Amino acid sequence: MLLIPLLLALSPQTQAHRPHTVVTAMTGTNPSGHAWALLDPHDISQLIQSQDSGAHWNHIASPAMEESLAGLAVDGNNTLYTVSTNGNLWITPDSTTWNPSILFTTEGLARDIKGLDDGAAIGTSKGVFIADSAGSTYILGPAIIDVTSLNVTCDSDCSVTAIGANGGVWFTENLADELQPLASLPGGRKAFSGVHSGSHLWVGTQAGALRQDLSQGSWEICGPLPYEATGPHEELVSELSVTPEGLLLAATGHEALFVSEDDCESWARQSTGLEVTYGGTGNATDPGSSWVHLSLSGDAGLVGGFAGAAFSANPGANWQEAAILRNRYTRALGIAQTASGGTRIYSAGYGGGATWSDDGGETWFGSARGLDSEAVSYDLLVPSADPDI
């Protein structure tokens, strides 16, 4: 049996960097199990796609990866949208053909993007833009809002919750009406995230979560989050979402995920495998630097952040580690014949374990599960008679 010589080694601590599984944007899964995620646009952007609700991922090539991206969104027709921070919008119906569009005629800054039934909402320093799949856009007024975060909930119409740079909250129940400012948050709190369902709106702040009955117009403070190590206390809630069963999920930069069954009166900690270690080489320095993103669609959910990603077929109950690929800084390549007579290319590199491609490198599969995040693959062993080992 022919072996292509390879060896898996661990890098010394002095060569370590932060883990390359940093998930900075993700979409919810659609009914067919497709989802997309964006990895670390502060370095070399990587767009990855899953066809099994987040269990496994492969890389997608896109001209948008040459830019600094603000996020990803998918609409009800499975059209994918991404926008660069300088306002270049990219649209693809099939993850292959990418159509560009320009948001700003003058200087501006795009910060967030969310999918609609047919199109996407983009939060910018010049307000909220609404784009359709052909790239046509209009501003959902007023244009004075400097938007940092968006939430969209679509039922008979699409509601939009916009978080301003000053921590204020703006809301509209439909795309025909302008966004309206809601009451100021109590206790000097500033909003970082929001979610709407029925007559209720919840926001995540730097000190826990708040809720508002939109018919009443006043804010109530939610119960404290029960951190395992330190006990109940208030911390930044970076993302909120509501499951189809009505459970409220809160993602933080610390112990990742909490669930409430009683309209945020109380919370239970949910283990996702994304719990973050702070300090030391390659780790987050504090909860604020280990941002977490939460996406739900239908009966499936995804949560991702500094420590990678997890997926669930029953959000709020059980979560599994997602096999996101990390084959950048490639240090080893191997080629072997498959049992069907085709050619399989193996790749290994920094912190990512081994991945493989059966189509000349167009798509890659594999997992870093079980490997230390500081592992560097310098070489591989590829048995030509059995490439799956």
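Residues numbered from 1 in each chain as written. Predicted model: local features only at pLDDT ≥ 70, side-chain atom pairs only at ≥ 80, totals over all residues. Heavy atoms only, no water.

(A) Inspection of the environment of Ile122 at higher detail. For Ile122, the position within the fold is in strand β12 (residues 120-124). Sequence separation of Ile122 and Leu150 is 28 residues, and the distance between their C-alpha atoms is 7.7 Å. Leaving out residues up to four positions away in the same chain, Ile122 has contacts with Val83, Leu89, Leu103, Ala110, Asp112, Ile113, Gly127, Val128, Phe129, Ala131 and Leu150. (Helix = DSSP H or I, 4+ residues; strand = E, 2+ residues; numbered from the N terminus. Contact = heavy atoms within 4.5 Å.)

(B) Main features of the sheet that holds strand β27 (residues 257-260). Spatial ordering of the open sheet is given by β25-β26-β27-β28, a layout of four strands whose pairing is antiparallel. Both outer strands of the open sheet, β25 (237-242) and β28 (268-269), are each paired with one neighbouring strand and no more. Where β25 lies against strand β26 (residues 248-252), five bridges are found, and the strand directions are antiparallel. Within β26, the residue paired with Val242 across the bridge is Leu248. (Pairing = 2+ DSSP bridges.)

(C) Summary view of the packing of aromatic side chains. Taken as a whole and judged by the stated rule, the model has one aromatic pair. Taken together, a centroid distance of 5.6 Å and an interplanar angle of 75 degrees make the contact between Phe104 and Phe129 edge-to-face. Of this pair, Phe104 sits in the loop between β10 (99-102) and β11 (110-115) while Phe129 sits in strand β13 (residues 127-131), and the two are 25 residues apart along the sequence. Each member of the pair Phe104 and Phe129 is classed as buried. (Phe/Tyr/Trp six-rings, centres within 6.5 Å; stacked < 30°, edge-to-face > 60°. Buried < 20%, exposed > 50% of the residue type's maximum accessible area, 1.4 Å probe, protein only.)

(D) Here's a closer look at the sheet that holds strand β6 (residues 58-60). The strand order across the open sheet built from four strands is β3-β4-β5-β6, with neighbouring strands paired in antiparallel fashion. The two strands at the open ends of the sheet, each matched to only one other strand, are β3 (23-26) and β6. This sheet shows a mean twist of 35 degrees between the axes of neighbouring strands, independent of strand direction. (Axes fitted to C-alpha atoms, helices over the stretch in contact; angles between N-to-C directions.)

(E) Looking closely at the environment of Gln212. Of note, Gln212 is situated in strand β21 (residues 208-213). In the structure, Gln212 is positioned 29 residues away from Ala183 in sequence and 9.6 Å away in space, judged by C-alpha atoms. Among residues more than four places away in sequence, those in contact with Gln212 are Leu182, Ser199, His200, Leu201, Gly217, Ser218 and Trp219.

(F) View of the side chain of Thr252. Tracing the chain through its elements places Thr252 in strand β26. The class for Thr252 is buried, based on a relative accessible area of 0%. If we ignore the near neighbours within four places in the chain, the residues touching Thr252 are Leu225, Tyr227, Glu235, Leu236, Val237, Ser238, Phe258 and Val292.

(G) Representation of the state of the cysteines within the structure. All chains considered together, the criterion is met by two disulfides. Here Cys222 connects covalently by a disulfide to Cys264, the sulfurs 2.0 Å from one another. Linking Cys222 and Cys264, the disulfide has an S-S dihedral of approximately -70 degrees and is accordingly described as left-handed. Of this pair, Cys222 sits in the loop between β22 (219-221) and β23 (225-227) while Cys264 is found in the loop between β27 and β28, placing the two residues 42 residues apart along the sequence. Its relative accessible area of 8% is what places Cys222 among the buried residues. Sequential numbering of the bridged cysteines in the chain gives the disulfide pattern 1-2, 3-4. (Disulfide = S-S within 2.5 Å.)

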